[in-house]
Amino acid sequence: MYRTHNNGELRVSNVGEEVTLAGWVQKSRDKGFIVWVDLRDRYGITQLVFDEERTPKEMMDKASKLGREFVIQVTGNVIERESKNPKMPTGDIEILVKEVTILNASLTPPFTIEDDTDGGEDLRMKYRYLDIRRNPVRENLLFRHKVSMAVRNYLSNEGFVDVETPYLIKSTPEGARDFVVPSRMNEGQFYALPQSPQTFKQLLMVGGLDKYFQIVKCFRDEDLRADRQPEFTQIDCEMAFIEQEDILNMFEGLTRHLLKEINGVEIGDFPRMQYDDAMRLYGNDKPDIRFDMKFGELNEVTQHKDFGVFNSAELIVGIAVPGGNKYTRKEIDNIIKWVKRPQVGAMGMIYSRCNDDGTFKSSVDKFYDQEDLAKWAEVTGAKQGDLVVVLSGETNKVRAQMSALRMHLATELGLRDPKVFAPLWVIDFPLLELDEETGHYHAMHHPFTSPKPGQLELLDSKPGEVKANAYDLVLNGNEIGGGSIRIHDKETQAIMLKHLGFSEEEARAQFGFLMDAFEYGAPPHGGLAFGLDRLVAILGGQETIRDFIAFPKNNSGRDVMIDAPAPLDAAQLEELNLDVVIKK
């Protein structure tokens, strides 16, 4: 056998035993007459010692040639270390080597395989297999495994059935762009990789499975951001014979279980917030409620003076920055520069200091007196020692700008503690969203989301006011899951598709299989999908999902390790008949 023990398990109780270990050379210290080698594997590090008085000369010669990341096997006796290392679990012992075998030599790695490496992100992604040897990356992957197993065990115990759904499916016009796969055997036709298993899990409910889940890869060919990947993993779930309350209770239970099992944190009831309130109070539909800083709408207390910037604004909104009066003028100027960045897009920022003596000092004292500024403080909930910051403009734009500023300031003030978890449900989303460029409505979630009971008839007269029977689960300012109660009858689904601009023929061509299934006794059903990558990152105290994916893509959607995507050769293109498709 290659090893009798791993490199993290030997202790003083093993002294005197002959053992065989295998692993990678972490580092070597050669004093000529004695050589120490740190041998590493997934489980830890064990120190080896080669001593010219006790180790055969042939083995001493081999020891002097061992380089970093050589793969070796050693046999020797466990002895107690004279100079113990309390920072290592195996720090009380070492192995007096009798025999060493080099299983594979190694080139010098392009960066150090240590917790604090000298390798930049691009270099480490190119050599990701080496990066995985480092403790932080390996621990993240083991943490992901722990979360995944906790999810599987919880859902299985709740009666959910793990079912695989196809990866080669039909392209649909809804949502983000599909990744498409040409079919060699069906000339000129294409599969699409699923953005989610949505219709298949609904069909499983029609099939009577009652509770389904799957930890599944999904794919979206969309513009990339730092925390988005073209392929990602969902915890996909669906249940039959349920209402919204059943879904919320079930997945509150799962989230509560994960927080306790993984993080040792007890969470009580989850707050529920309507979408309209989330937008009004926080400027986005996934608010971080670990801290306050709620929006205060200031139109009524600002638009009575001759300040044209406010008088011409659709919305004036402010927040109270706790302790913000301590900011110097230079620090406030830097905040103003921050909101003017193209990524935020504000034209400027007004502020008012809430002094300890109860007076106020603002950047617009020319227009507003102490009574006015006291009302600003009242509306935003500012106290003595706080700073009121104010943005104005078009409602949707200024809310987004203030939301970004709120998160930025909270981060600067240390209010976003990764060890504190604040979940909530956001409910009552709009069913439809207006595309301002085209003037057409599209589904805010997807075309299979049902409207709230009693609102279907509003689709003809007031489509923008119809609420969806949908819900998002938010944790620490991140959407970690979302779902809805589905449409389960053909007539309602046909009405929904009509309002989304599908003709009867288009609806039939795209979703006829689902609508046909609804005619064979489809039960009421609904579900939710968690984003596993983001959930794992947040539970791990981080927000960068790439750190918890074994082989991630970079910000351009490329795998720099295997150099993908890559062109196909002419023979492959010809075999796939892609030239025929282009000519047609």
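See the structure shown above.
Our subject in this report is the structure included herewith. Fair warning: this is a prediction, and the values are worked out from it, not measured in the lab. (Residues numbered from 1 in each chain as written. Predicted model: local features only at pLDDT ≥ 70, side-chain atom pairs only at ≥ 80, totals over all residues. Heavy atoms only, no water.)

### Comments concerning the overall build of the protein
Here is step 1 of the chain: Looking only at helices and strands, the protein has 18 helices and 22 strands in total.
Here is step 2 of the chain: Oriented by its inertia axes, the alpha-carbon framework of the protein measures out at about 90 × 75 × 50 Å.
Here is step 3 of the chain: The proportion of buried residues among the 584 residues of the protein is 49%.
Here is step 4 of the chain: Pairs at least 24 apart in sequence give 65% of the contacts found in the protein among residues at least 6 apart.
Here is step 5 of the chain: Total accessible area on the protein stands at roughly 29200 Å², and carbon and sulfur atoms take up 50% of it.
Here is step 6 of the chain: With 71 positive and 94 negative side-chain charges, the protein shows a spacing of 4 Å between the two charge centroids. (Helix = DSSP H or I, 4+ residues; strand = E, 2+ residues; numbered from the N terminus. Buried < 20%, exposed > 50% of the residue type's maximum accessible area, 1.4 Å probe, protein only. Contact = heavy atoms within 4.5 Å. Areas by Shrake-Rupley, 256 points an atom, 1.4 Å probe, with all protein chains shown as cover. Lys, Arg positive; Asp, Glu negative; His and termini not counted. Charge placed at Lys NZ, Arg CZ, Asp CG, Glu CD.)

### A closer look at helix 6 (residues 244-263)
Here is step 1 of the chain: In this model helix 6 runs 28 Å from its N-terminal to its C-terminal C-alpha over 20 residues, within 8% of the 28 Å that 1.5 Å per residue would give.
Here is step 2 of the chain: Regarding helix 6, the residues found buried are Gln244, Ile247, Leu248, Met250, Phe251, Glu252, Gly253, Leu254, Thr255, Leu258, Leu259 and Ile262.
Here is step 3 of the chain: With its phi angle positive at about 70°, Gly264 sits one or two positions after the end of helix 6. (Expected span 1.5 Å × (residues − 1).)

### Focus: the sheet that holds strand 15 (residues 360-362)
Here is step 1 of the chain: Taken in spatial order, the 5 strands of this open sheet run 12-13-16-14-15, and their pairing is antiparallel. In this open sheet, the two strands that pair with only one neighbour each are strand 12 (296-297) and strand 15.
Here is step 2 of the chain: Two elements, strand 14 (residues 350-354) and strand 16 (residues 387-393), share 4 bridges in a ladder whose sense is antiparallel. Paired with Tyr351 across the two strands is Val389, which belongs to strand 16. (Pairing = 2+ DSSP bridges.)

### A word on the nonpolar core
Here is step 1 of the chain: Within the largest apolar cluster, 42 residues are counted, with the highest numbers of intra-cluster contacts made by Val147, Leu155, Phe251, Trp425 and Phe530.
Here is step 2 of the chain: Broken down by secondary-structure element, the contributors of at least two residues to this core are helix 4 (135-157), strand 10 (231-240), helix 6, strand 17 (423-427), strand 20 (470-475), strand 21 (478-485), strand 22 (525-531) and helix 16 (532-539).
Here is step 3 of the chain: In terms of residue count, the dominant contributor to this core is helix 6 (8 residues).
Here is step 4 of the chain: Excluding anything up to four places from it in sequence, Trp425 contacts Leu248, Phe251, Glu252, Phe270, Pro271, Arg272, Met273, Tyr471, Asp472, Leu473 and Leu528.
Here is step 5 of the chain: Listed in part, the 26 residues of the second largest apolar core include Met293, Phe295, Trp338 and Leu409. (Core = buried A, V, L, I, M, F, W, Y, C linked by side-chain atoms within 4.5 Å.)

### Concerning unusual backbone geometry
Here is step 1 of the chain: For the peptide bond that leads from Ala564 to Pro565, omega is 5°, which places it in the cis range.
Here is step 2 of the chain: As for its position among the elements, Pro565 is in the loop between helix 16 and helix 17 (570-575).
Here is step 3 of the chain: For Phe241, which is not glycine, the phi dihedral falls at a positive 55°.

### A look at a negative patch on the surface
Here is step 1 of the chain: Taken together, the side chains of Glu114, Asp115, Asp116 and Asp118 present a region of like negative charge at the surface.
Here is step 2 of the chain: Tracing the backbone through its elements, the reader meets Glu114 in the loop between strand 5 (93-104) and helix 2 (121-126). (Patch = residues over 30% accessible without salt bridge, like charges linked within 9 Å, V, L, I, M, F, W, Y side chains within 5 Å. Salt bridge = Lys/Arg side-chain N within 4 Å of Asp/Glu carboxyl O.)

### A few points about the pairing of strand 9 (residues 211-219)
Here is step 1 of the chain: Burial runs high along strand 9: 7 of the 9 residues are buried.
Here is step 2 of the chain: Pairing of strand 6 (residues 161-162) with strand 9 involves 2 bridges; the strand directions are parallel. Paired with Val161 across the strands is Tyr212, a residue of strand 9.

### Points about the pattern of salt bridges
Here is step 1 of the chain: Going through the model one piece at a time under the given rule, you end up with 39 salt bridges.
Here is step 2 of the chain: Note that Asp61 and Lys57 form a salt bridge whose closest N and O atoms lie 3.2 Å from each other. Of this pair, Asp61 and Lys57 both sit in helix 1 (residues 57-64), 4 residues apart, roughly one helical turn.
Here is step 3 of the chain: The exposure class of Asp61 is partly exposed, given its relative accessible area of 35%.
Here is step 4 of the chain: We note a salt bridge from Lys260 to Glu266, for which the minimum N-O separation is 3.5 Å.
Here is step 5 of the chain: Residue Glu266 is classed as exposed on the basis of its relative accessible area, which comes to 58%.
Here is step 6 of the chain: Taken together, the salt bridges that share partners define one network made up of Arg124, Arg128, Asp131 and Arg134.

### Details of the environment of Val301
Here is step 1 of the chain: You can see Val301 is positioned in helix 8 (residues 299-302).
Here is step 2 of the chain: Of the residues examined, Val301 reaches a relative accessible area of 14% and is grouped as buried.
Here is step 3 of the chain: Remark: the alpha-carbon pair of Val301 and Cys237, spanning 64 residues in sequence, is separated by 48 Å.
Here is step 4 of the chain: The residues contacting Val301, other than those within four sequence positions of it, are Tyr368, Lys375, Trp376 and Val379.

### Remarks on the packing of helix 4 against helix 6
Here is step 1 of the chain: Where helix 4 meets helix 6, the closest approach of the two axes is 10 Å, and the angle between their N-to-C directions is 140°. By the criterion of interaxial angle, the relationship of helix 4 to helix 6 is oblique. Pair helix 4 / helix 6 crosses with right-handed handedness. Taken together, the residues of helix 6 that come into contact with helix 4 (itself represented by Phe143, Lys146, Val147, Ala150, Val151, Tyr154 and Leu155) are Met250, Phe251, Gly253, Leu254, His257, Leu258, Glu261 and Ile262.
Here is step 2 of the chain: Class assignment of the residues belonging to the contact of helix 4 with helix 6 gives a composition of 11 nonpolar, 2 polar and 2 charged. (Axes fitted to C-alpha atoms, helices over the stretch in contact; angles between N-to-C directions. Parallel < 35°, antiparallel > 145°, perpendicular 65-115°, else oblique. Left-handed = near helix turned anticlockwise from the far one by under 90°. Nonpolar A, V, L, I, M, F, W, Y, C, P; charged D, E, K, R; others polar.)

### Description of the sheet that holds strand 11 (residues 272-274)
Here is step 1 of the chain: With respect to topology, 8 strands assemble into an open sheet ordered 6-9-10-22-21-20-17-11, the strand pairing being mixed. Strands at the two margins of the open sheet, each flanked by one partner only, are strand 6 and strand 11.
Here is step 2 of the chain: Sitting on the sheet, helix 6 is in contact with strand 9, strand 10, strand 11, strand 17, strand 20, strand 21 and strand 22, with an inclination near 30° to strand 22.

### A closer look at the packing of aromatic side chains
Working definition: an aromatic ring pair is given by the centre-to-centre distance plus the angle between the planes.
Here is step 1 of the chain: Summed over all chains, the structure comprises 15 aromatic pairs.
Here is step 2 of the chain: On the numbers, 6.2 Å between centres and 85° between planes, the contact of Phe307 with Tyr368 is edge-to-face. With Phe307 in the loop between helix 8 and helix 9 (308-311) and Tyr368 in the loop between strand 15 and helix 11 (370-380), this pair connects stretches of sequence that are 61 residues apart. Comparing Phe307 with Tyr368 shows no difference in burial state: the two are buried.
Here is step 3 of the chain: Every member of this aromatic cluster is reached through a ring pair, and the members are Phe307, Phe310, Phe367, Tyr368 and Trp376.
Here is step 4 of the chain: Just above the ring of Tyr327 sits the side chain of Lys326; from NZ or CZ to the centre is 5.4 Å. (Phe/Tyr/Trp six-rings, centres within 6.5 Å; stacked < 30°, edge-to-face > 60°. Lys NZ or Arg CZ within 6 Å of the ring centre and 35° of its normal.)

### Some details on helix 11
Here is step 1 of the chain: Those residues of helix 11 lying buried are Asp372, Leu373, Trp376, Ala377 and Thr380. Down the axis, helix 11 shows its buried residues gathered within 145° of arc, on one side only. For helix 11, the exposed residues lying more than 90 degrees away from the buried face are Glu371 and Glu378.
Here is step 2 of the chain: Just past helix 11, the residue Gly381 takes up positive phi, approximately 75°. (Arc of directions from axis to C-beta.)

### Concerning the packing of helix 14 (residues 490-499) against helix 15 (residues 504-518)
Here is step 1 of the chain: Close contact between helix 14 and helix 15 brings their axes to 9 Å; oriented N to C, the two are set at 160°. In terms of axis orientation, helix 14 runs roughly antiparallel to helix 15. In this structure, helix 14 meets helix 15 at a crossing whose hand is right-handed. Of the residues in helix 15, those touching helix 14 at Lys490, Gln493, Ala494 and Leu497 are Ala507, Arg508, Phe511, Met515, Asp516 and Phe518.
Here is step 2 of the chain: By residue class, the composition of the contact of helix 14 with helix 15 is 6 nonpolar, 1 polar and 3 charged.

### Digging into the side chain of Lys553
Here is step 1 of the chain: Here Lys553 lies in the loop between helix 16 and helix 17.
Here is step 2 of the chain: Beyond its immediate stretch of four places on either side in the chain, Lys553 contacts Met125, Gln229, Pro230, Glu231, Arg546, Arg558 and Asp559.

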